[in-house]
Amino acid sequence: MMENQGVSLSQVSMHDLDDLASTAADVLAQVRDAMVEPHPRKVAPTFSSAAIADLCGVDKTQVKYLAQKHNLPNGQKIEGSKAKEYSLEDAIAWVMTIGKRPSRPEDKSGKVISVCNYKGGVAKTSTTVAIAQALTLRGLKVLVIDCDGQGTATQLIGISPEQDVEIEQTIMPYIHGDEPDLRYAVQSSYWHNLSVIPASSGLLAAEFAIPAKAMSQRGFRFWEMLKTGIAPLRKDFDLILIDTSPSLSHLTVNAMIAADGLLMPCPPDALDFASSVQFWGIFSELVDGLPDAKEKRYDFISIIYTKVQANEISRLVKTWMKQAYGTHINGIEIPDSTAARTASAQLKTIYDLSKPDGSAEAYRRYKDPLDRLADYVLDQLALGWRQ
Ligand SMILES: Nc1ncnc2c1ncn2[C@@H]1O[C@H](COP(=O)(O)OP(=O)(O)OP(=O)(O)O)[C@@H](O)[C@H]1O
Ligand SMILES: [Mg+2]
């Protein structure tokens, strides 16, 4: 037998682990400070006249005339150029006046959509935040509730889960029964008309607090906690998007029960597909065991292909998924994309970029399907509001 001369077992004490955790947190804080400019918050993108025209579905040549006719923001001159740029707030004002998108009738409540899949890294959070932004650009008031202790959605919305978020600012006070609903936790963000209820690692405590409450209070409907907490927010927001963790935790089940619609991002990969099948199986078994939950109706359940690679395996798995999920596959394919990776390496989404950061073609190939997904979601909301 070979001897491992000179190699000794390097044990890690819990003290070492503490050091590791705090060094890692320091490094992350420095990286974040370097990336999220200007310190410490993110800034919203600006829009060209062409982008404004595109958002409103009009020709670029009409922008000047429409600005006068409707007394709309006329943009700021860019120094040394004839071109103008518009702020995000200006862009939204344009969309709301000129855009012909459906809007929520006054007597209707906002809708709740949960983004779920218990497989990790399938683009739940990227999709949640991207369509939240895209839907504000279609005139909606949107709230993102981060129900994942990793706080990735919180981070993408410009708030550092470990540095900027106190546990009192998350859903936890409501979960512990210290607040009657979730109104206290809504924060505005750097992005106009996009609010957030942030998360931090303290959300893990929900997985103990919820079952403990269920054990101690007979008849307590633990699966409806989020649904009840969200209810008063439905009049303030057109859309409430819930980002969930990669698990079928108590919080995820709550998010799924609170929702009017479910979106499941799923890469067309054999293992991801198998895992998604398991997810629906476990969820439906769970629901079978909850009184009344079986009566629940969703406006829609949609599976979106994410991180799609242009190869034979991906094409084959898509045929299996179509067979398995039928009309729940909405046909939108978000490609595996360097534009996605580049944006998230800067803690951004594609909508944070005023112009392509790299190849214009890669930017468009990634952004176009996200725009179509936002349009699809808006159509689903409009159908629901019409009922
Ligand atoms: N279309 C894409 N192409 C390439 N990479 C992508 C794409 N979408 C997301 N990613 C990358 O995949 C990683 C996981 O994305 P994201 O955090 O959105 O997934 P998630 O499902 O929310 O993960 P988790 O399960 O950990 O919550 C990120 O690094 C992100 O940049
Ligand atoms: Mg996530």
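No experiment lies behind these values; they were computed from the predicted model shown.

A. Local environment of the site of ligand 1. Close to ligand 1 lie 20 residues, the nearest being K124, T125, S126, P335 and S344. Note that an oxygen atom of ligand 1 is positioned 2.9 Å from one of the backbone N or O atoms of G121. K124 is positioned with one of its side-chain polar atoms (N or O) 2.7 Å from an oxygen atom of ligand 1. When ligand 1 sits alone it has 630 Å² of accessible area, and the protein chains cover 82% of it. By residue class, the composition of the shell around ligand 1 is 7 nonpolar, 7 polar and 6 charged.

B. Main features of the sheet that holds strand β4 (residues 111-115). Spatially, the 8 strands line up as an open sheet ordered β6-β7-β5-β8-β4-β9-β10-β11, and their pairing is mixed. Either end of the sheet is taken by a strand with one partner, and the two such strands are β6 (187-188) and β11 (329-335). Bridge count between β4 and strand β9 (residues 261-266): 3 bridges; the pairing is parallel. Opposite S114, over in β9, you have L262 as the bridge partner. Contacts from helix α5 (residues 124-136) reach β4, β5 (142-147), β7 (194-197), β8 (239-244), β9 and β10 (300-308) within the one sheet, and its direction differs from that of β8 by about 165°. Where helix α11 (residues 270-288) meets the sheet, it contacts β9 and β10, and its direction lies at approximately 155° from that of β9.

C. Inspection of the domain arrangement of the chain at higher detail. Domain parsing of the chain yields domain 1 (47-98) and domain 2 (111-386). Of note, the centres of domain 1 and domain 2, computed from C-alpha atoms alone, are 31 Å apart. Counting residues at the interface gives 7 residues for domain 1, matched by 7 residues for domain 2. For the pairing of domain 1 and domain 2, the buried interface totals around 690 Å² over both sides, and the portion due to carbon and sulfur atoms is 77%. Between domain 1 and domain 2 we count 0 salt bridges in total. Here domain 1 and domain 2 share 0 residue pairs in polar contact (both at pLDDT 80 or more) between them. For the side of domain 1 that touches domain 2, the class distribution of residues is 6 nonpolar, no polar and 1 charged.

D. The arrangement of the environment of S247 in detail. In this structure, S247 sits in the loop between β8 and α10 (250-258). Sequence-wise, S247 and F279 are 32 residues apart; in three dimensions their C-alpha atoms are separated by 8.9 Å. Contacts of S247, omitting those with residues within four sequence positions, involve Y118 and T252.

E. Summary view of the side chain of D181. Along the polypeptide, D181 turns up in the loop between α7 (172-175) and β6. Overall, the relative accessible area of 8% leaves D181 in the buried class. Within the structure, the side chain of D181 is placed 2.7 Å from the side chain of R183, a separation counted as a polar contact. Excluding residues that lie within four positions of it along the chain, D181 makes contacts with Y174, G229 and P232.

F. View of the pairing of β8. For β8, the buried fraction is high: 6 of the 6 residues fall into the buried class. Taking every second residue as pointing to the same face, both faces of β8 are buried, with L239, L241 and D243 on one and I240, I242 and T244 on the other. Of the pairings in the sheet, the one linking β4 to β8 comprises 5 bridges and is parallel in character. In the sheet register, K111 faces β8, and the bridge partner there is L239. Pairing geometry for β5 and β8, over 6 bridges, is parallel. Residue pairing for β8: I145 is matched across the bridge by I242.

G. The arrangement of the pairing of β9 in detail. With 6 of its 6 residues buried, β9 lies for the most part within the structure. Judged by which residues are buried, β9 turns out to be covered on both faces: G261, L263 and P265 on one side and L262, M264 and C266 on the other are all buried. In this structure, β9 lies alongside β10, joined through 6 bridges in parallel fashion. In the sheet register, P265 faces β10, and the bridge partner there is I304.

How each quantity is defined
- Residues numbered from 1 in each chain as written.
- Chains lettered and ligands numbered in written order.
- Predicted model: local features only at pLDDT ≥ 70, side-chain atom pairs only at ≥ 80, totals over all residues.
- Heavy atoms only, no water.
- Near = heavy atom within 4 Å.
- Polar contact = N/O pair within 3.5 Å; in protein donor to acceptor, adjacent residues only side chain to side chain.
- Areas by Shrake-Rupley, 256 points an atom, 1.4 Å probe, with all protein chains shown as cover.
- Nonpolar A, V, L, I, M, F, W, Y, C, P; charged D, E, K, R; others polar.
- Pairing = 2+ DSSP bridges.
- Helix = DSSP H or I, 4+ residues; strand = E, 2+ residues; numbered from the N terminus.
- Contact = heavy atoms within 4.5 Å.
- Axes fitted to C-alpha atoms, helices over the stretch in contact; angles between N-to-C directions.
- Domains from an automatic or database assignment.
- Buried area = accessible area lost by both parts, 1.4 Å probe.
- Salt bridge = Lys/Arg side-chain N within 4 Å of Asp/Glu carboxyl O.
- Buried < 20%, exposed > 50% of the residue type's maximum accessible area, 1.4 Å probe, protein only.

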